[in-house]
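# Breakdown of the fold
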Amino acid sequence: ADPEALESILGGLRDRYEYVIVDTGAGLSNDTVVPLTHVDEALLVSTPTRDALGDTDKTRQVADRLGVTVAGAVLTRADPSAVSADAVVELLDAAVLSTIPDAAVVAEAGEAGEPLTTFAPGSEAAAAFRSLAAALTGESVESEAAPEPSEPPTADESGQPTEESPEK
């Protein structure tokens, strides 16, 4: 994608949607800096590794120089019990709004081409994303109820379904 074309694309989206999210890399590249010139707020997203947090801090510094408000930070692929939110807050000078756990279900949803919140709505990772959405919008974000599991069909000794359990 051409970062220089982003302004015209965003103009059309802002007329149609209340929230528009632009995902960029971290650091000081043109692909990061140009989008920051066209946003209302920046959300700093990083894995909790030293190098990734360093790049994310560079993005925060650019946002500061451009006068872009930093809405907060999100840690992804993290073990919430092993991450020091205080250390991240100190480094990035931004509140940690959510910590998205490192969970296999996140990759599984991606491979299935389905949003995590519908693929595994009861998962800890989906709950973390709903919490993040609520923190960013100020609106409650409810979980879509997962369908109730059906009773497994019963079969006779030959493996044929019985009358009280229809075939599927």
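Here, every reference points to the structure presented above.
For every chain, the first residue of the written sequence is number 1, and numbering continues from 1 along that sequence. Given that this is a predicted model, residues contribute local features only at a pLDDT of at least 70 and side-chain atom pairs are listed and counted only at 80 or more, while totals for whole chains, interfaces and linings are drawn from all residues. Computation of side-chain values covers all heavy atoms of the structure but excludes hydrogens and water.

Numbered from the N terminus, helices here are DSSP runs of H or I no shorter than four residues, and strands are runs of E no shorter than two. A count of helices and strands for the chain gives 7 helices and 3 strands. N-terminal to C-terminal, the α/β element order of the chain is α-α-β-α-β-α-β-α-α-α. By definition in these notes, contact holds between two residues if any of their heavy atoms fall within 4.5 Å. A fraction of 55% describes how many contacts in the chain between residues 6 or more apart in sequence connect residues 24 or more apart. Surface accessibility follows the Shrake-Rupley procedure with a 1.4 Å probe radius. Residue values consider only the protein chains on display as shielding. Roughly 11,100 Å² of accessible area belongs to the chain as shown, and the carbon and sulfur atoms make up 50% of that amount.

Given 3.6 residues per helical turn, the α-helix brings residues three or four places apart onto the same face. Given the number of residues in a helix, its expected span is that number minus one, multiplied by 1.5 Å. Over its 17 residues, helix α3 (residues 50-66) runs 25 Å from end to end, which matches the ideal 24 Å to within 8%, given 1.5 Å per residue. Think of it in three bands: residues with accessible area under 20% of the maximum for their type are buried, residues over 50% are exposed, and the middle band is partly exposed, with areas taken using a 1.4 Å probe on protein chains only. For α3, every residue scored as buried is listed here: L53, T56, D57, T59, R60, V62 and A63. Once α3 finishes, G67 follows within two positions and takes phi at roughly 75°, a positive value.

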